[in-house]
Amino acid sequence: NDTNDDNLYNQIILNSIEEERVTPTSFVCLAMLGRGSFGEVYLVQKMNSKTLYAMKVLSKDRIMGQNLMKYAMAERNVLSLTNHPFIVKLNFAFQTNHKLFLILDYCPGGDLSKHLQFEKRFTEDRARFYLCEVLLALEDLHRRDIIFRDLKPDNVVLDEEGHAKLTDFGLSKEGVYDSQCAKSFCGSIAYLAPEMLKKQGHGKAVDWYLLGVLFYEMLV
C-alpha cells in the first residue's frame with residue numbers, strides 16, 4: 001500500500017551533509033552523462049557552491065513496477081557506509097513524489113570501457129595502476145562484508161586526477177560472511193564467475209575473479 005511504499009522510500013533517503021535543505025532546484029542540469037542500470041545520470045552544478053556532481057535519477061514507478069527496490073536500497077546502503085578514495089562518494093540523497101535522487105562525485109575522466117574502446121588496450125604500468133586502486137576499493141568493501149558483484153570496465157570511472165573509482169552499486173550484496181552466503185544470479189553476461197554460473201552460492205571470491213577478468217581485458 002501507499003504507506004508501506006512511503007516507508008521504503010524514506011529508508012533510501014539520507015539527510016543532507018549540509019544543514020540546508022537540498023532539492024532538485026538546488027542544482028542546474030548541464031548535460032546527460034548516460035543511462036545506468038536503473039536510471040539516468042546527469043552532470044549538474046550545485047547553485048550555491050558551483051561544484052559539479054553526477055546526479056542519478058531513479059523513477060519510483062519503474063523501481064516498484066520492476067521490483068527494483070532492493071537494488072536501489074543496495075546502492076544507497078553501500079554508498080552511505082563507504083568513504084574511500086577509490087569509491088565514488090554519495091554526497092546527498094533526496095526524493096520528490098515521483099523520483100529518487102542520488103548526488104554522486106563527478107568523475108570527468110569517463111569509464112574504462114570508453115578508454116578501451118578508443119585505445120584497444122593499456123600498457124602494463126597503466127593497467128597495474130588501475131588494478132591496484134580497484135583492489136584497494138574491493139578490500140574496503142570486503143572488510144565491511146560487502147561484495148560488489150558487477151566489476152567491469154563500465155563501472156570503473158576516472159576522476160579529474162586520473163584515479164580509478166568504483167561506481168554503480170545496484171548489484172552489491174551486504175552481509176556476506178562466507179563463500180556461499182549470496183544466492184542471487186546476477187551480473188553482466190560477459191563477466192560471471194564460475195560459482196555464479198553454477199548457482200551454488202557465492203561469496204567475496206567473485207570479486208577477485210572479476211578483478212582478473214578486468215586485468216585481462218585491460219592488457220589484451
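Heads up: the structure comes first, above all this text.
Residues numbered from 1 in each chain as written. Predicted model: local features only at pLDDT ≥ 70, side-chain atom pairs only at ≥ 80, totals over all residues. Heavy atoms only, no water.

Student: Before we go on, may I ask you to explain the pattern of salt bridges in this structure?
Tutor: Side-chain pairs of opposite charge can arise whenever the charged atoms involved come near each other. All told, the structure shown has nine salt bridges when counted by the stated rule. The salt bridge involving aspartate 140 is made with arginine 144; its shortest N-O contact spans 3.2 Å. (Salt bridge = Lys/Arg side-chain N within 4 Å of Asp/Glu carboxyl O.)

Student: What exactly am I supposed to notice about the nonpolar core here?
Tutor: One finds Val134, Leu141, Leu151 and Leu166 to be the most contacted residues of the largest nonpolar core, which totals 37 residues. Listed by contribution, the elements that provide at least two residues to this core are α3 (69-81), β4 (90-95), β5 (99-105), α4 (112-119), α5 (124-143), β7 (156-158), β8 (164-166) and α7 (205-219). Top contributing element to this core by residue count: α5, with seven residues. Apart from the residues lying within four places of it in its own chain, the contact partners of leucine 166 are Phe86, Ile87, Val88, Val134, Ala137, Leu138, Leu141, Phe148, Leu151, Asn155 and Val156. (Core = buried A, V, L, I, M, F, W, Y, C linked by side-chain atoms within 4.5 Å. Buried < 20%, exposed > 50% of the residue type's maximum accessible area, 1.4 Å probe, protein only. Helix = DSSP H or I, 4+ residues; strand = E, 2+ residues; numbered from the N terminus. Contact = heavy atoms within 4.5 Å.)

Student: Explain the environment of histidine 115 to me, please; I cannot follow it from the model alone.
Tutor: Assignment of secondary structure puts histidine 115 in helix α4. Through-space distance from the C-alpha of histidine 115 to that of methionine 218 is 9.7 Å; in sequence the pair is 103 residues apart.

Student: What should I look at first to understand the pairing of β4 in this one?
Tutor: Across a regular strand the side chains alternate sides, sitting on one face of the sheet and then on the other. Within β4, five of the six residues are buried, leaving the element largely enclosed by the surrounding structure. Here five bridges tie β4 to β5, and the two strands are oriented antiparallel to one another. In the strand pairing of β5, glutamine 95 is matched with leucine 100. The turn linking β4 back onto β5 is made up of three residues. (Pairing = 2+ DSSP bridges.)

Student: Please clarify how the pairing of strand β2 (residues 40-46) should be interpreted in this entry.
Tutor: Pairing between strand β1 (residues 27-35) and β2: seven bridges, direction antiparallel. Among the inter-strand pairings, phenylalanine 27 is bridged to a residue of β2, identified as lysine 46. Where β2 meets strand β3 (residues 52-59), six bridges bridge the pair, whose relative direction is antiparallel. For glutamine 45, the partnering residue across the bridge sits in β3 and is leucine 52. Adjacent in sequence and paired antiparallel, β2 and β3 are bridged by five residues, among which lysine 50 carries a positive phi angle near 65 degrees.

Student: Mind showing me how you'd approach the sheet that holds β2 here?
Tutor: The pairing of strands in a sheet comes from backbone hydrogen bonds and takes either a parallel or an antiparallel form. Overall, antiparallel pairing links the five strands, which are arranged β1-β2-β3-β5-β4 in an open sheet. For this open sheet the edge positions go to β1 and β4, each flanked by a neighbour on one side alone. Strand-to-strand twist of the sheet, defined as the mean angle between neighbouring strand axes without regard to direction, takes the value 25 degrees. For β3 and β5, the ladder comprises seven bridges, and the chain directions are antiparallel. Pairing of valine 57 across the sheet is with phenylalanine 101, part of β5. (Axes fitted to C-alpha atoms, helices over the stretch in contact; angles between N-to-C directions.)

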